[in-house]
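Survey of secondary and tertiary structure
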Amino acid sequence: MTIPQVDSEIIDFYSDTFDEATRLTATADGMLEMARTQELLRRHIPPSPAAILDVGGGPGAHARWLVADGYRVHLVDPVAKHVAQASEAGCTAEIGDARSLTADDGSYDATLLLGPLYHLLERADRDRALAEARRVTAPGGLVAAAAISRYASLFEHTATTWLDRESVRDAVTDILATGVHEPGRKGFTAAYFHTASQLAEEMHAAGLTDVRVYAIEGPTWSLLKATEQYTGEPVSPDAPLFRAALAAARAAEPYPDLLAAASHLLAVGRV
């Protein structure tokens, strides 16, 4: 099998341009994403001390709390900086690619892909990553995959007012039409943005069952971003606005029409 190569633009972005280690703690919408990801995963992953493979786990933001919960976590990420940071999270870690995992068949109770699908623009690559996740997960185990929502950039760039800029408006228009943030465009690296139905279909195509898709941040996350943007002040997790946004995410769960308003989606399925 040919070993896939991660685009150098992605490696450079996370190595030199963007600090992934603070993404889920520096802003209110990031903290909302973390809080909701935690509660959704805790609802579905097997009890500790189950073995969890965190594929594309970055600097270990999720590995850290999983280890604290008593899980045995191994992290795989293509960015050397992230692997070095993750080694401080209490898990084991290695440089690797979601499309070609070194783990044995059925060797983990749950496999997480909370980042790889963002940066695999081609359907064949996403299929390969999900197939690998299914392969290394034991029968009856869980595969959980996160995706950026197709409509996230529309809400985000309205909240930041950047949608008023022609270049940003053109990029958002392209994402809405194709799902692709083209390589070389400013602000982010090459990325794919899913609809909820696409994410569910890709999970089913990988042979996973009992698939369900959740809106991680719910429909009001962009209000948090807009508030911080306009006031210049952080919104803390204790603030009424944050608590209301978290309540909205929970209340919206039974309503599939509201999936489109989230910034990120989380799909879970069984092997």
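In this report, the structure presented in the accompanying data block is examined. (Residues numbered from 1 in each chain as written. Predicted model: local features only at pLDDT ≥ 70, side-chain atom pairs only at ≥ 80, totals over all residues. Heavy atoms only, no water.)

Quick word on the pairing of strand β2 (residues 72-77)
Here is the rule we go by: Burial classes follow relative accessibility: with a 1.4 Å probe on protein chains only, a residue under 20% of its type's maximum area counts as buried, one over 50% as exposed, and anything between as partly exposed. Strands are runs of DSSP state E lasting at least two residues, helices are runs of H or I lasting at least four, and both sets are numbered from the N terminus onward. Any two strands with at least two DSSP bridges between them are considered paired. By convention a crossover is right-handed if, when the strands point away from the viewer, the path from the first strand over the helix to the second runs clockwise.
Across the six residues of β2, five count as buried, placing the element largely inside the fold. As judged from the five bridges shared by strand β1 (residues 51-55) and β2, these two strands associate in the parallel manner. Among the inter-strand pairings, Asp54 is bridged to a residue of β2, identified as Leu75. The parallel pair β1 and β2, bridged by helix α3 (residues 61-68), forms a crossover whose chirality is right-handed. Here β2 runs beside strand β3 (residues 92-95); their pairing, made up of four bridges, is parallel. When the bridges of β3 are listed, Val76 appears paired with Glu94. The parallel pair β2 and β3, bridged by helix α4 (residues 80-86), forms a crossover whose chirality is right-handed.

Examining the nonpolar core
Convention followed: By convention a nonpolar core is built from buried Ala, Val, Leu, Ile, Met, Phe, Trp, Tyr and Cys residues, the set being connected through side-chain atoms within 4.5 Å. Contacts are assigned to residue pairs that have any heavy atoms within 4.5 Å of one another.
Formed by 32 residues in total, the largest nonpolar core has its most connected members in Ile52, Leu66 and Leu266. Of all the elements in the fold, those that place two or more residues in this core are α2 (28-44), α3, β2, β4 (108-113), β5 (137-149), β7 (191-194) and β9 (264-270). Top contributing element to this core by residue count: β5, with four residues. Ile52 has contacts with Ile45, Leu66, Tyr71, Arg72, Val73, His74, Tyr108, Ala110 and Leu112, leaving out every residue within four places of it along the chain. One finds Ala51, Leu117, Leu120 and Ala267 within the second-largest nonpolar core, a separate group that totals 31 residues.

What about the environment of Arg123?
What counts, and what does not: Counting of polar contacts relies on pairs of N or O atoms within 3.5 Å, with two restrictions inside protein: one atom must be capable of donating a hydrogen and the other of accepting it, and residues adjacent in sequence are counted only when both atoms are side-chain atoms.
Residue placement: Arg123 occurs in helix α5 (residues 123-136). Owing to a relative accessible area of 30%, Arg123 belongs among the partly exposed residues under this scheme. Ignoring anything within four residues of it in the chain, the contact list for Arg123 reads Glu201, Glu202 and Ala205. At a separation of 2.9 Å, a polar atom in the side chain of Arg123 contacts the side chain of Glu201.

Describing a nonpolar patch on the surface
Worth spelling out the cut-off: To count toward a patch, a residue needs a relative accessible area over 30% and no salt bridge; like charges are then connected within 9 Å, while nonpolar side chains (Val, Leu, Ile, Met, Phe, Trp, Tyr) are connected within 5 Å. Here the accessible surface of atoms and residues is derived via Shrake-Rupley with a 1.4 Å probe, and residues count as covered only by protein chains that are part of the display. By convention in these notes, a salt bridge is any Lys or Arg side-chain nitrogen within 4 Å of a carboxyl oxygen on Asp or Glu.
Among the surface-exposed residues, Tyr151, Leu154 and Leu176 lie close enough to one another that they form a single nonpolar patch of about 210 Å² accessible area. Assignment of secondary structure puts Leu176 in helix α7 (residues 166-178).

A word on the layout of surface pockets
We count it as follows: In the cavity and pocket records, a cavity denotes points on a 1 Å grid over the protein atoms alone where a 1.4 Å probe fits but cannot get out, a pocket denotes an open set with protein on both sides within 12 Å along at least 5 of 7 lines, and lining residues are residues with an atom within 4 Å of a point. Grid points are joined across faces, edges and corners, and a volume is the space filled by probe spheres set on the points. Gly is placed with the polar residues, together with every amino acid not listed as nonpolar (Ala, Val, Leu, Ile, Met, Phe, Trp, Tyr, Cys and Pro) or charged (Asp, Glu, Lys and Arg).
Put simply, the second largest pocket is a space of about 200 Å³. Along its surface, the second largest pocket is lined by 16 residues, and Ile95, Gly96, Asp97, Ser100 and Thr102 are the ones closest to its centre. Per-class residue counts for the lining of the second largest pocket are nine nonpolar, five polar and two charged.

Describing empty space enclosed by the protein
Within this structure, the stated rule accounts for one cavity of 30 Å³ or more. With three residues, strand β8 (residues 209-215) is the single largest residue contributor to the lining of the largest cavity. A breakdown of the residues in the lining of the largest cavity according to their chemical character gives seven nonpolar, no polar and one charged.

What to know about the side chain of Thr111
Relative to the elements of secondary structure, Thr111 occurs in strand β4. Residue classification places Thr111 among the buried positions, given a relative accessible area of 0%. A distance of 2.7 Å separates a polar atom in the side chain of Thr111 from a polar atom in the side chain of Thr137. Those residues in contact with Thr111 that sit more than four places away from it in its chain are Leu53, Val55, Ala133, Val136, Thr137, Leu142, Val143 and Ala144.

Shape descriptors only; they carry no functional weight alone.
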